[in-house]
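Spelled out from the first residue to the last, the chains are:
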Amino acid sequence: MAIEAVIWDFGGVFTSSPFEAFARHEAAIGAPKDHIRRVNATNPDTNAWALFERNEIDTAGFDALFLEESTALGFPIRGADVLPLISGVVRPRMVEALKLCKAQFKVGCITNNMVSHHSPGADGVQKPRGAMGEIMPLFDHVIESSKAGVRKPDPRIYQMMYEALSVAPEACVYLDDLGVNCKPAAQLGMKAIKVVDVDQTLAELSAATGLSFPVAEVAR
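Each chain has its residues counted from 1, running along the sequence as written. Per-residue local features are limited, in this predicted model, to residues with pLDDT of at least 70; the limit for side-chain atom pairs, both in listing and counting, is 80 or more; totals at the level of whole chains, interfaces and linings are taken over all residues. The basis for every side-chain value is the complete set of non-hydrogen atoms in the structure, without hydrogens or water.

A.B. asks: I tried to follow unusual backbone geometry on my own but got confused; where do I start?
C.D. replies: Trans is the prevailing form of peptide bonds, just as negative phi is the prevailing case for residues other than glycine. The residue after K152, namely P153, is reached through a cis peptide bond having omega 10 degrees. Helix numbers and strand numbers start at the N terminus; a helix is a DSSP run of H or I with at least 4 residues, a strand a run of E with at least 2. Mapped onto the elements, P153 comes out in the loop between α8 (145-148) and α9 (155-164). You will see that D34, though not glycine, has its phi angle at about 65 degrees, which is positive. Assignment of secondary structure puts D34 in the loop between α1 (18-29) and α2 (35-41). For every residue, the accessible area (1.4 Å probe, protein chains only) is compared with the maximum for its type, and the residue is labelled buried under 20%, exposed over 50%, or partly exposed between those bounds. Using a relative accessible area of 33% as the deciding quantity, one classes D34 as partly exposed.

Take a look at the structure:
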């Protein structure tokens, strides 16, 4: 079936991965390597991260529960200290690829996010523009877990997207930096691309769509 839609994750796709910031923070405070990721992966449907991304707890609740969970796993880290680490730096070539895809296909975004001012690209040099404010208007449809009350990898959130775009799942390409989120998309019939780096991603997206993408950084 011909491709009709390209569906994107946000953080770790259009911005640098928060895992890089997690690692720097762990090194700075003497926490075990990948401790934050371990906390997030433990009880992934009911932990602080999941509850916050479904908007079932507030910022204060996330702060306290993440501290409880991280302490139980061997090293205390407050949730309030983790939230600023979510921000990332925009990847211009990915934004350009989105614009090229939009000219040919329907485009959507499925993002697991939090009701918080700590959105990707909101801090530091990104703050005047804000990645969310710059990129989100380009999509034909956006599903945010904190508003939908459902989060990846629940298959329902992918179904919500292809139904909103009025396309069959087999006519969709899906991009995400987490394999666990790519798996249900593939099981539904989408062409799933795991984002490892920009060059690899654009090569696979080109093969899936037939489009050509820039091979060098574009001016911002």
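A.B. asks: What should I look at first to understand the pairing of strand β4 (residues 172-176) in this one?
C.D. replies: Where a strand is regular, its side chains alternate between the two sheet faces. In terms of burial, β4 is a largely internal element, five of the five residues being buried. Burial of the side chains of β4 extends over both faces: C172, Y174 and D176 are buried on one face and V173 and L175 on the other. Paired strands, in this sense, are two strands between which DSSP finds at least two bridges. Sheet topology places β4 next to strand β5 (residues 191-194); four bridges connect them, and they run parallel. Counted as the bridge partner of Y174 is A192 from β5. When the strands point away from the viewer and the connection leading from the first strand across the helix to the second strand turns clockwise, the crossover is called right-handed. As a crossover connection, the stretch from β4 through helix α10 (residues 179-187) into β5 is right-handed.

A.B. asks: Where do I start with the packing of aromatic side chains in this structure?
C.D. replies: What characterises a pair of aromatic rings is the spacing of the ring centres plus the angle enclosed by the ring planes. Only centres within 6.5 Å qualify two rings of Phe, Tyr or Trp (six-membered ring in Trp) as a pair; their planes then separate them into stacked at under 30 degrees, edge-to-face at over 60, and tilted for everything else. In this structure the tally under the stated criterion is nine aromatic pairs. With a centroid separation of 5.9 Å and an interplanar angle of 70 degrees, the aromatic rings of F14 and F139 are classed as edge-to-face. Of this pair, F14 sits in the loop between β1 (5-8) and α1 while F139 is found in the loop between α7 (131-135) and β3 (141-144), placing the two residues 125 residues apart along the sequence. Residue classification places F14 among the buried residues on the basis of a relative accessible area of 0%. On the basis of relative accessibility, which here comes to 7%, the residue F139 falls in the buried class. Residues F52 and F62 carry aromatic rings whose centres are separated by 4.9 Å and whose planes lie at 25 degrees to one another, so their mutual orientation is stacked. Of this pair, F52 sits in helix α3 (residues 48-53) while F62 sits in helix α4 (residues 59-72), placing them ten residues apart in sequence.

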